[in-house]
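Examining the three-dimensional arrangement
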Amino acid sequence: MESPKEQSSYTVEQLVAVNPFNPEILPDLENYVNEQVTSQTYSLDANLCLLRLYQFEPERMNTHIVARILVKALMAMPAPDFSLCLFLIPERVVTHLLSLSLIRCTGEDSWSCFELCLQQMEEQFKTLIVLSHYLETGRFQQFWDEAAKNPHILEAVPGFEQAIQAYASHLLSLSYQKVPRSVLAEAVNMDGASLDKFIEHQVANSGWIVAKEDGSIVLPQNEFNHPELKKNTGENVSLEHIARIFPILG
Amino acid sequence: MTTTYDFEDTPSNYDDVQRQGGQDAVYDPNFVPDSVKSFVVHMYRHIREKNVYEIHQMCETSFQTLSERLFKDTPWPSVEAIAPYVDNDHVFCLLYREMWFRHLYARLSPTLKQRIDSYDNYCSLFQVVLHGVVNMQLPNQWLWDMVDEFVYQFQSFCQYRAKMKNKTEQEIALLKQNDKAWNVYGVLNFLQALVEKSTIIQILEQEKEGLEQFTATDGYDYSGGSNVLKVLGYFSMVGLLRVHCLLGDYHTGLKWLQPIDITQQGVYISVIGCHIATIYHYGFANLMLRRYVDAVSEFNKILLYIYKTKQYHQKSPQYEQLLKKNEQMYALLAVCLSLCPQTKLVDESVNSQLREKYGEKMMRMQRCDDEEFGIYDELFSYACPKFITPSAPSFEEPLVNYNQDAYRLQLKMFLYEVKQQQLLSGVRTFLKVYSSISLAKLANYMEVDEPTLRTILLTYKHKTHSVGSDGKVISNADIDFYINNDMIYVVESKPAKRYGDFFLRQIAKLEGVMNDMDRIKLE
């Protein structure tokens, strides 16, 4: 018997697969984003579907939800999901939303209300874009500094820190056979005892080794940091393709 | 025919009234020249007799010849005028109108009313097909033209609608009244409905297990049935890829194309326009997804194919479009190779053409200075699809033209990516020269400090290793490295030649030739 939570996500995924061009599923998709945040799951297809619907009907766009989608996309790095989402958010919409807040913010302190809306809207997207930029260019120190300045955006999404640390570890594994401890510390934003714990965990589960001489980390061997492991994939022909010529050969 | 993809729709030179006929001395919609009479009568007969070859000839040759001779800058006779000659057949009239509007869009400038009427015609036509009551066999070329034109007219409408500034009051009123016409939901839902109702995805799946025949017969039905729904469903997958690219949703676009295996023969190859549209959009989507190697391989294959076969299409009405797409793909190839240099993925003949057209520009793009943005901008703008804003316009604000917004967003995103990759070519130059070098030394040569160099190296790794559709990391780098504490070791990768695919294709081809020869009876 599926738990209610599992049931609803099953239904949403089905909706996206079977009936994606339907404005009526918009509320379901919005709820699903919130669900992804709380249950630490992720669905690119559902989120792109929602962003498309926002593109078709910009008045219904919820910037809060969009910001959450963007944070989840950041957490999916190294996949290019963040860019994929940005491709679908029209600039004109931001301008449009600004004029909407002009209409909504009326009365005595309409100007401060408007300024607040403006700040919140612009800031959310601008900060996320800056954060993405730092991650895309391997500038982890700047990333963590900027993230620290915006706790409200990031603390709202559980698992964010761990996801970025996983991305940092991934990028280091592509590049280094052996990485100095200080470089690792900067990348995952940890030091001292918490860094030790992090490393211990990776040693136990991901094949990391600590070099005794200088405390640097020996990362697990893969085809990217150990060229000799690169498989010659060029000559693999799938069985499916070979099967097509069986009638000829037979 | 979708012969022009000019960014600005050519403005209408004629008054609406003149175009509608009746008052214009030149065009009388009710006058049916004898040649047209003969044309529709024959076409009607061929369709009833399911003579696909003759229908194809009439579409490709006779229609063009008559258009050239009699209807160079006027529409064909109205459907009401020719209906009596074809027993007022409902379906034939829908088909005739489809051609009528296609001709109009190609030679003239459609009015808003005509755009709306064309949409209604497509709706009616697709409804008939979706209800499964059609038992015609139509040439693949025509079926592809229908889907292609449908998407083209949608794109054209979005461009038209986004230019609110100079709209007349009647136009605005008409737009408000007909919000369903060329509505993005309508267009997408029709394409999806064609895919689903035809069950083409299941058919392609079952074909792999030998339970269905589709590709082998080029989609035609030799057991007395109709190919129309199946083939329209098939081409609609390409249509959906195209619409999603226009919206900027490359990931979902590629998902729609997935059932079609572009490394193998398929019905998409049976029509050159479809083949090119498929690969162009596939390549472009992969470029935006940073999967440069995939884009380069496919562009290379299609450009080679066009190089070898374009002489056979010189007389075809699609020739101009073919040439345009060819040029655009060379531009995209130049962009991909500048961002992600590859030594062995491009065929010699394609390479020499590329050098001729873009050799100098590519050299400039690969230098890490600010001048290069201008060239990336130029090539991207020349070669990109005509992006659209799908939402309905606002009628309240001061009326503005926002038809360039979508394009500007995609361009901005693309240049943003180029900017992030700006420093990589500098690194590559050094990596080519050294087999190993200390971080300190390289930092010195590049005039940056060590921490900055580390971030540049990480950027290089990140940008040259893309994530495939299956989530696996693939290296696109022709020059790679790994770092051991403070030393960088350079690795030169050798891309393997794929002989397997080549041999499979040749085996199948030879078998085909031998079968053909067996069928020949010598007198």
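Computed from a predicted structure; not experimentally measured.

With respect to the interface of chain A and chain B
- At the junction of the two partners, chain A supplies 66 residues and chain B supplies 63 residues.
- Our enumeration of links across chain A and chain B arrives at four salt bridges.
- The closest approach of N and O atoms between D45(A) and K255(B), which form a salt bridge, is 2.6 Å.
- Where chain A touches chain B, the interface holds 23 residue pairs in polar contact (both at pLDDT 80 or more).
- At the level of secondary structure, the elements contributing two or more residues to the side of chain A that touches chain B comprise α1 (4–18), α3 (44–56), α5 (81–86), α6 (91–104), α7 (110–136), α10 (160–175), β1 (176–179) and α13 (239–244) of chain A.
- Here the side of chain A that touches chain B takes seven residues from α3(A), the largest share from any one element.
- Classifying every residue of the side of chain A that touches chain B gives 36 nonpolar, 17 polar and 13 charged.
- Bridge count for β1(A) against strand β4 (residues 479–484) of chain B is two bridges, and the pairing is parallel. For Y176(A), the partnering residue across the bridge sits in β4(B) and is I483(B).

With respect to the pairing of β4(B)
All names here are of chain B.
- Burial within β4 is extensive, with five of its six residues counted as buried.
- Inspection of the sheet shows β4 paired to strand β5 (residues 487–492) by six bridges, in the antiparallel sense. Within β5, the residue paired with I483 across the bridge is I488.
- In this structure, the hairpin formed by β4 and β5 is closed by a connection of two residues, where N485 is found at a positive phi of approximately 55°.

Digging into the packing of α10(A) against helix α11 (residues 181–188) of chain A
- Closest axis-to-axis distance for the α10(A)/α11(A) pair is 9 Å, and the angle between their directions is 145°. Counted together, Q165(A), A168(A), S169(A) and L172(A) of α10(A) and V183(A), L184(A), A187(A) and V188(A) of α11(A) form the full contact between these two elements.

So, the confidence of the model for chain A
Residues and elements named next belong to chain A.
- Mean pLDDT over chain A works out to 83, with 78% of the residues at or above the 70 mark.
- Between the elements of chain A, mean pLDDT differs from a low of 59, seen in α6, to a high of 96, seen in α3.
- Residue range residues 1–5 is modelled with pLDDT below 50. Its contacts to residues more than four positions away, or to other chains, number three contacts.

Some points on the state of the cysteines
- Under the defined criterion, the tally for this structure stands at zero disulfides over all chains.
- The structure places no disulfide on C49(A), whose sulfur is separated from the nearest cysteine sulfur, that of C85(A), by 12 Å.
- Take C340(B): it sits in no disulfide, and the sulfur closest to it among the cysteines is that of C336(B), at 8.1 Å.

Observations regarding the packing of helix α2 (residues 34–48) of chain B against helix α3 (residues 52–70) of chain B
Residues and elements named next belong to chain B.
- Where α2 contacts α3, the two axes come as close as 11 Å, and the packing angle between them is 165°. Here α3 runs roughly antiparallel to α2, going by the angle between their axes. Seen along the crossing, α2 lies across α3 with a hand that is left-handed. The segment α2 lies against α3, with S35, F39, H42, M43, H46 and I47 engaging E54, I55, M58, C59, S62, F63, L66 and L70.
- In the contact of α2 with α3, the residues fall into nine nonpolar, four polar and one charged.

A word on the domain arrangement of chain B
Residue and element names in this part refer to chain B.
- Here the domain parsing of chain B yields domain 1 (110–415) and domain 2 (434–491).
- Using C-alpha coordinates to define each centre, domain 1 is positioned 36 Å away from domain 2.
- With seven residues of domain 1 at the contact, the number on the domain 2 side is eight residues.
- Note on domain 1 versus domain 2: buried area summed over both sides is about 670 Å², and carbon and sulfur give 41% of it.
- Considering only the surface of domain 1 that becomes buried against domain 2, R290, R291 and P341 emerge as the three largest contributors, covering 62% of it.
- Between domain 1 and domain 2 we count zero salt bridges in total.

What about the sheet that holds strand β1 (residues 436–438) of chain B?
- Read across the open sheet, the six strands follow the order β2(A)-β3(A)-β1(A)-β4(B)-β5(B)-β1(B); overall the sheet is mixed. At either margin of the open sheet sits one strand with a lone partner, and together these are β2 (209–210) of chain A together with β1 of chain B.
- Note: β1(B) against β5(B), three bridges, orientation antiparallel. Counterpart to S438(B) in the pairing with β5(B) is M487(B).

Overview of the packing of aromatic side chains
Residue and element names in this part refer to chain A.
- Following the criterion strictly, the structure yields 35 aromatic pairs over all chains and no others.
- Their ring planes at 35° and their centres at 6.2 Å tell us that F143 and F160 sit as a pair that is tilted. Of this pair, F143 sits in helix α8 (residues 140–149) while F160 sits in helix α10, and the two are 17 residues apart along the sequence.
- The exposure class assigned to F160 is buried, which follows from its relative accessible area of 4%.

Conventions adopted
Residues numbered from 1 in each chain as written. Chains lettered and ligands numbered in written order. Predicted model: local features only at pLDDT ≥ 70, side-chain atom pairs only at ≥ 80, totals over all residues. Heavy atoms only, no water. Contact = heavy atoms within 4.5 Å. Salt bridge = Lys/Arg side-chain N within 4 Å of Asp/Glu carboxyl O. Polar contact = N/O pair within 3.5 Å; in protein donor to acceptor, adjacent residues only side chain to side chain. Helix = DSSP H or I, 4+ residues; strand = E, 2+ residues; numbered from the N terminus. Nonpolar A, V, L, I, M, F, W, Y, C, P; charged D, E, K, R; others polar. Pairing = 2+ DSSP bridges. Buried < 20%, exposed > 50% of the residue type's maximum accessible area, 1.4 Å probe, protein only. Axes fitted to C-alpha atoms, helices over the stretch in contact; angles between N-to-C directions. pLDDT = per-residue confidence, 0-100. Disulfide = S-S within 2.5 Å. Parallel < 35°, antiparallel > 145°, perpendicular 65-115°, else oblique. Left-handed = near helix turned anticlockwise from the far one by under 90°. Domains from an automatic or database assignment. Buried area = accessible area lost by both parts, 1.4 Å probe. Phe/Tyr/Trp six-rings, centres within 6.5 Å; stacked < 30°, edge-to-face > 60°.

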